[in-house]
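# Architecture at a glance
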Amino acid sequence: MQDSKKYEYIPSVPHQDIWEHRRNIYDQIWFECINEKGSFSNQHVGSLKWELERCFCAGAWVATVAIAVAIVEVHLSHIGQWKMKPSCLDELNAWVDWDWLRNRRNKLLHGERHSKDFRLSSEEYRRDQDKLQLDAERAVKLALKVALNNPPFR
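Bear in mind the structure is a predicted one, so any value in this text is a computation, not a measurement. (Residues numbered from 1 in each chain as written. Predicted model: local features only at pLDDT ≥ 70, side-chain atom pairs only at ≥ 80, totals over all residues. Heavy atoms only, no water.)

## A look at the overall build of the chain
Applied cut-off: For helices the rule is a DSSP run of H or I covering at least 4 residues; for strands it is a run of E covering at least 2, with both sets numbered from the N terminus onward. Burial here depends on accessible area, computed with a 1.4 Å probe over protein chains only, as a share of the maximum for the residue type. Under 20% is buried, over 50% is exposed, and the range in between is partly exposed. By definition, residues are in contact when any of their heavy atoms lie within 4.5 Å. Areas reported here follow the Shrake-Rupley algorithm with a probe of radius 1.4 Å; residue values treat only the protein chains shown as occluding.
Scanning the chain from N- to C-terminus turns up 7 helices and 0 strands. In sequence order, the chain lays out its α and β elements as α-α-α-α-α-α-α. A total of 154 residues make up the chain; the buried ones form 40% of that total. Within the chain, contacts between residues at least 6 apart in sequence are counted, and of these 77% link residues at least 24 apart. Working note: accessible area of the chain is about 9700 Å², and carbon and sulfur atoms make up 50% of it.

Right, dumping it as structure tokens:
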């Protein structure tokens, strides 16, 4: 007989209460980030925002970070500011967060060379769910800040 607690970290569909709690966190971040004058983007970013929400509510923290990076990259590309300085990242005072987000995604997905923490280990994944969730929240905030807050860049 296997100890079911031993496998608690394995992602599954969260209970509806947990999903709704995470959805409330996501909605709160959304409302903090959206510009009252509206914003513009493209359909690709719109689809990625839906996927971001689903990953976040499901507790897929690594996927949330990866999709957040994709949203920023696709959005900046769409508005003609990919790999440009200055860009809307200057206007939003978001360069520090953008550097953090890219580095965090790279460490989670590719690992960090010349480091004892070369890859995201299974142990770290199991042990650090709370930290991964906080990273995911920070990632969502930046992705939505960039994608929902740029009317001056039309």
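That shown, we press on.
## Digging into the state of the cysteines
Rules: The definition used for a disulfide is geometric: two cysteine sulfur atoms within 2.5 Å.
Tallied over the full model, the rule gives 0 disulfides. Free of any disulfide, Cys-57 has its nearest neighbouring cysteine sulfur in Cys-55, separated by 9.6 Å.

## A word on the nonpolar core
To be explicit about the condition: For this analysis, a nonpolar core means a set of buried residues of the types Ala, Val, Leu, Ile, Met, Phe, Trp, Tyr and Cys, connected via side-chain atoms within 4.5 Å.
In this structure, Leu-52, Ile-71, Leu-101 and Leu-144 are the most contacted members of the largest nonpolar core, which totals 38 residues. Every element with two or more residues in this core is listed here: helix H1 (16-33), helix H2 (43-58), helix H3 (61-78), helix H4 (88-91), helix H5 (95-109) and helix H7 (129-147). Filtering out sequence-adjacent residues up to four positions away, Leu-144 remains in contact with Tyr-26, Ile-29, Trp-30, Cys-33, Lys-49, Leu-52 and Asn-149.

## Some words on the packing of H2 against H3
When two helices pack together, their arrangement is given by the angle between the helix axes and the distance between those axes. As a reminder of what qualifies: Axis angles are defined between N-to-C directions and span 0 to 180 degrees, where every axis is a line fitted to C-alpha atoms and, for a helix, only to the segment in contact. An angle counts as roughly parallel when it lies under 35 degrees, as roughly antiparallel when it exceeds 145, as roughly perpendicular when it falls between 65 and 115, and as oblique in every other case. Left-handed is the label given to a crossing in which the near helix is rotated counterclockwise from the far helix by less than a right angle, and right-handed is the label when the rotation is clockwise. Ten residue types, Ala, Val, Leu, Ile, Met, Phe, Trp, Tyr, Cys and Pro, are classed as nonpolar, four, Asp, Glu, Lys and Arg, as charged, and the remainder, Gly among them, as polar.
Contact geometry of H2 with H3 gives a least axis separation of 9 Å together with a crossing angle of 165 degrees. Classified by the interaxial angle, the pair formed by H2 and H3 is roughly antiparallel. Handedness of the H2/H3 crossing: left-handed. On the side of H2, the interface is formed by His-44, Val-45, Leu-48, Lys-49, Glu-51, Leu-52, Cys-55 and Phe-56, while H3 contributes Trp-61, Ala-63, Thr-64, Ile-67, Ala-68, Ala-70, Ile-71, Val-74 and His-75. Here the residues of the contact of H2 with H3 sort into 12 nonpolar, 3 polar and 2 charged.

## As for the side chain of Arg-22
Going by this rule: Charge assignment in this entry is limited to Lys and Arg as positive and Asp and Glu as negative, and neither His nor the chain termini are counted. Put simply, a salt bridge is a Lys or Arg side-chain nitrogen that is within 4 Å of an Asp or Glu carboxyl oxygen.
Mapped onto the fold, Arg-22 is located in helix H1. Buried charge Arg-22 goes without a salt bridge, the closest partner of opposite sign being Glu-137 at 7.9 Å.

## A few points about the environment of Glu-137
Tracing the sequence through the fold places Glu-137 in helix H7. Taking the C-alpha atoms as reference, Glu-137 lies 9.8 Å from Arg-22; in sequence the two are 115 residues apart. Excluding anything up to four places from it in sequence, Glu-137 contacts Ile-25, Ile-29 and Phe-56.

## Here we look at the pattern of salt bridges
Under the counting rule described, the total for this entry stands at 8 salt bridges. A salt bridge links Glu-53 to Arg-23; the nearest nitrogen and oxygen atoms lie 2.9 Å apart. Taken together, the residues span a long stretch of sequence, with Glu-53 in helix H2 and Arg-23 in helix H1 at a distance of 30 residues. Judged by relative accessible area, which is 18%, Glu-53 ranks as buried. Between Asp-128 and Arg-127 there is a salt bridge whose closest N-O contact spans 3.2 Å. When its relative accessible area of 52% is taken as the criterion, Arg-127 is described as exposed. Residues joined by salt bridges that share partners form a network here, namely Arg-23, Asp-27 and Glu-53.

## Examining unusual backbone geometry
We note that Asn-93 has phi near 50 degrees; this positive angle belongs to a residue other than glycine. Residue placement: Asn-93 occurs in the loop between H4 and H5. Classification of Asn-93 by relative accessible area gives exposed; the value is 68%.

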